[in-house]
Amino acid sequence: MPPRRRGAGLRPRLTLVCTAVVALVSALLLWLGWLLVGGVARSVPSLPPGTTVRVGNVTVPAERLNDAIGAAARADVLRAGLIAFPLVVAAAAVVSWVLVGRVLGPLHAVTATARRLTVESLDTRTGLQDARGEVAELAAGFDAMLDRLQAAFDAQRRFVANASHELRTPLSVLRTEVDVTLSDPDADAEELRRMAGVVREATRRADDLIAGLLLLARTESAELNEVSPVDLAEVVVPALAAVRAEAGRRGLRIQVKTAAAPTRGDPVLLERVAGNLVENAVRHNVAGGWLEVCTGTADGLARLQVSSSGAEIPGDRVAELFEPFRRGPVARTADTPGSGLGLSIVRAVVQAHGGRVWAEPVRGGGLTVTVELPVR
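Residues numbered from 1 in each chain as written. Predicted model: local features only at pLDDT ≥ 70, side-chain atom pairs only at ≥ 80, totals over all residues. Heavy atoms only, no water.

### A short note on the confidence of the model for the protein
Low pLDDT means the predicted atomic positions in that stretch should not be read closely.
Inference 1: Per-chain confidence: the protein averages 78 in pLDDT, with 74% of residues scoring 70 or above.
Inference 2: Mean pLDDT values over the elements of the protein span from 60, in strand β1 (residues 52-55), up to 94, in strand β7 (residues 301-308).
Inference 3: Contacts for the low-pLDDT stretch residues 331-336, under 50 throughout, to residues beyond four places or in other chains number 10 contacts. (pLDDT = per-residue confidence, 0-100. Helix = DSSP H or I, 4+ residues; strand = E, 2+ residues; numbered from the N terminus. Contact = heavy atoms within 4.5 Å.)

Pasting the structure below:
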């Protein structure tokens, strides 16, 4: 249902204003013409006294000739003006109505497009190719807004679909394991222990996924809760400590080059950035590979860089890794858990801190991720 209008529309109001302006100017010109004609009539040369002159059908003494000519001229001007004035005002009203309608036509098209929009029809555009000036800018801005909205809704649909798929997987594992075990009347303690282990791993995976989704939502839609001085060289220390045992089991060589990298932000979120980057570098590495973590400042920015060996990643697919639920070419196994939200969270946190993050493939296999944040 279209919204109810409050008062007259813009077209009749603009038409009324234009008509009123034309009427006022016409009345002013008529008055000035009336005055000027009278003044010109008074400047006619005087005749000798005692003579008479016929003005129209009236005989006028010479002494009153100028006044008579002025009155007659003013009367003619007034008669012509009273005929022309309504015609001019009516013509101004018609022309104003037509021109205002042509000017507001593109605005009506934008309004009609906005009313037709739904979640399913975000690909609709105004299609104003012939618009010029400010109207063209308005139409282009409206179409650009629709492009952004469509991209956001498409990303949301993909995110919801991927999240549903990721959550459905551990739930399916849980249901299958429980159903199979319950259907076996001869299940012994060993079988029950095996089922408990599978159920525990599935619930851990679901818990990690939900925690990642909540953290991603927090960093994308909310302001920073706490802002304080943070040194990226310090947040790397607990991140490396958390993965050192796993890196040792996989035989990874770790090289750390830390220098002061002062910035300001939420310490917890920045620790999560370092933790996600280091965890990804370990989990998606190859046995006997390497891992390098560097911090410092460059070009007036605090920098954290994590490089690692791993499978080869095509350069045109690197940017996709920052999208939710996107993983590298290595298939996920029990040794490489994760929800595919690590780099998405990193990007959201970095953007919330006014920084930027990008990734580059390493020659021979692997990935280098660089984070830059404003120096405090």
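### Structural notes on the pattern of salt bridges
Inference 1: A full pass over the atoms with the stated rule returns six salt bridges.
Inference 2: Here glutamate 191 and arginine 194 are joined by a salt bridge, their closest N and O atoms 2.9 Å apart. One end of the pair, glutamate 191, and the other, arginine 194, are both in helix α4 (residues 189-221), three residues apart, so they sit about a helical turn from each other.
Inference 3: Glutamate 279 is the partner of arginine 272 in a salt bridge, and the nearest nitrogen-oxygen pair spans 3.0 Å.
Inference 4: Since its relative accessible area comes to 29%, arginine 272 is described here as partly exposed.
Inference 5: In this structure, a network of salt bridges that share partners links the residues Arg303, Arg356 and Glu372. (Salt bridge = Lys/Arg side-chain N within 4 Å of Asp/Glu carboxyl O. Buried < 20%, exposed > 50% of the residue type's maximum accessible area, 1.4 Å probe, protein only.)

### Here we look at the packing of helix α5 (residues 232-249) against helix α6 (residues 267-283)
Inference 1: With their axes 8 Å apart at the nearest point, α5 and α6 run at an angle of 25 degrees to one another. Judged by the angle between their axes, α5 and α6 are roughly parallel. The two elements α5 and α6 cross, and the hand of that crossing is right-handed. Here Val235, Val236, Ala239, Leu240, Val243, Glu246 and Ala247 of α5 lie close against α6, whose contacting residues are Leu270, Glu271, Ala274, Gly275, Val278, Glu279, Val282 and Arg283.
Inference 2: In terms of residue class, the contact of α5 with α6 is built from 10 nonpolar, one polar and four charged. (Axes fitted to C-alpha atoms, helices over the stretch in contact; angles between N-to-C directions. Parallel < 35°, antiparallel > 145°, perpendicular 65-115°, else oblique. Left-handed = near helix turned anticlockwise from the far one by under 90°. Nonpolar A, V, L, I, M, F, W, Y, C, P; charged D, E, K, R; others polar.)

### Side note on the nonpolar core
Inference 1: Formed by 39 residues in total, the largest nonpolar core has its most connected members in Leu277, Val293, Leu304 and Val371.
Inference 2: Those elements that place two or more of their residues in this core are α5, α6, β6 (290-298), β7, α7 (342-352), β8 (356-361) and β9 (367-374).
Inference 3: For this core, the leading source of residues is α6, giving eight residues.
Inference 4: Setting aside residues no more than four positions away along its own chain, leucine 304 makes contact with Leu232, Val236, Ala274, Leu277, Val293, Cys294, Thr295, Val369, Thr370 and Val371. (Core = buried A, V, L, I, M, F, W, Y, C linked by side-chain atoms within 4.5 Å.)

### With respect to unusual backbone geometry
Inference 1: Backbone geometry at aspartate 299 places phi at a positive 55 degrees, although glycine is not the residue there.
Inference 2: Take aspartate 299: it is sitting in the loop between β6 and β7.

### Some details on α5
Think of an α-helix as 3.6 residues a turn; residues three or four steps apart then line up on the same face.
Inference 1: Along its 18 residues, α5 runs 26 Å from first to last C-alpha, staying within 8% of the 26 Å computed at 1.5 Å per residue.
Inference 2: Considering bend angle alone, the principal kink of α5 is centred on valine 243 and spans about 45 degrees.
Inference 3: Its side-chain oxygen placed 3.0 Å from the backbone nitrogen of alanine 233, aspartate 231 serves as the N-cap of α5.
Inference 4: In the segment just after α5, glycine 251 is the residue with positive phi, at about 70 degrees. (Expected span 1.5 Å × (residues − 1). Bend = angle between axes of the 7 residues up to and from the residue. Polar contact = N/O pair within 3.5 Å; in protein donor to acceptor, adjacent residues only side chain to side chain.)

### Quick word on a negative patch on the surface
Inference 1: A surface patch of like charges, here negative, comprises Asp184, Asp186, Asp188 and Glu190.
Inference 2: Turning to its location among the elements, glutamate 190 is positioned in helix α4. (Patch = residues over 30% accessible without salt bridge, like charges linked within 9 Å, V, L, I, M, F, W, Y side chains within 5 Å. Areas by Shrake-Rupley, 256 points an atom, 1.4 Å probe, with all protein chains shown as cover. Lys, Arg positive; Asp, Glu negative; His and termini not counted. Charge placed at Lys NZ, Arg CZ, Asp CG, Glu CD.)

### A word on the side chain of serine 26
Inference 1: Along the chain, serine 26 turns up in helix α1 (residues 10-42).
Inference 2: Serine 26 gets classed as buried once you look at its relative accessible area, which sits at 16%.
Inference 3: Within the structure, the side chain of serine 26 is placed 2.8 Å from the backbone oxygen of valine 22, a separation counted as a polar contact.
Inference 4: Apart from residues no more than four positions distant in its own chain, serine 26 is found in contact with Phe85 and Val88.

### Description of the pairing of β8
Inference 1: As paired elements, β8 and β9 share six bridges and run antiparallel to each other. Of the residues in β9, the one forming a bridge with glutamate 360 is threonine 368.
Inference 2: Linking β8 to β9, which pair antiparallel, is a turn of five residues; within it glycine 364 sits at a positive phi near 95 degrees. (Pairing = 2+ DSSP bridges.)

### Quick word on a nonpolar patch on the surface
Inference 1: Judged by side-chain polarity, Val17, Val21, Val25, Leu28, Leu29, Trp31, Leu32, Trp34, Leu35, Leu78 and Leu82 come together as a nonpolar surface patch covering roughly 1,000 Å² of accessible area.
Inference 2: Of all the secondary structure elements, the ones that give two or more residues to the nonpolar patch are α1 and α2 (65-116).
Inference 3: Summarising the element assignment, leucine 78 is placed in helix α2.
Inference 4: With a relative accessible area of 40%, leucine 78 lands in the partly exposed category.

### Comments concerning α6
Inference 1: Compared with the 24 Å implied by 1.5 Å per residue over 17 residues, the 24 Å span of α6 between its first and last C-alpha is a close match.
Inference 2: Of all the positions in α6, only Leu269, Leu270, Val273, Ala274, Gly275, Asn276, Leu277, Val278, Ala281 and Val282 are classed as buried.
Inference 3: A distance of 3.0 Å separates the backbone nitrogen of valine 268 from a side-chain oxygen at the start of α6, and that oxygen is part of aspartate 266.

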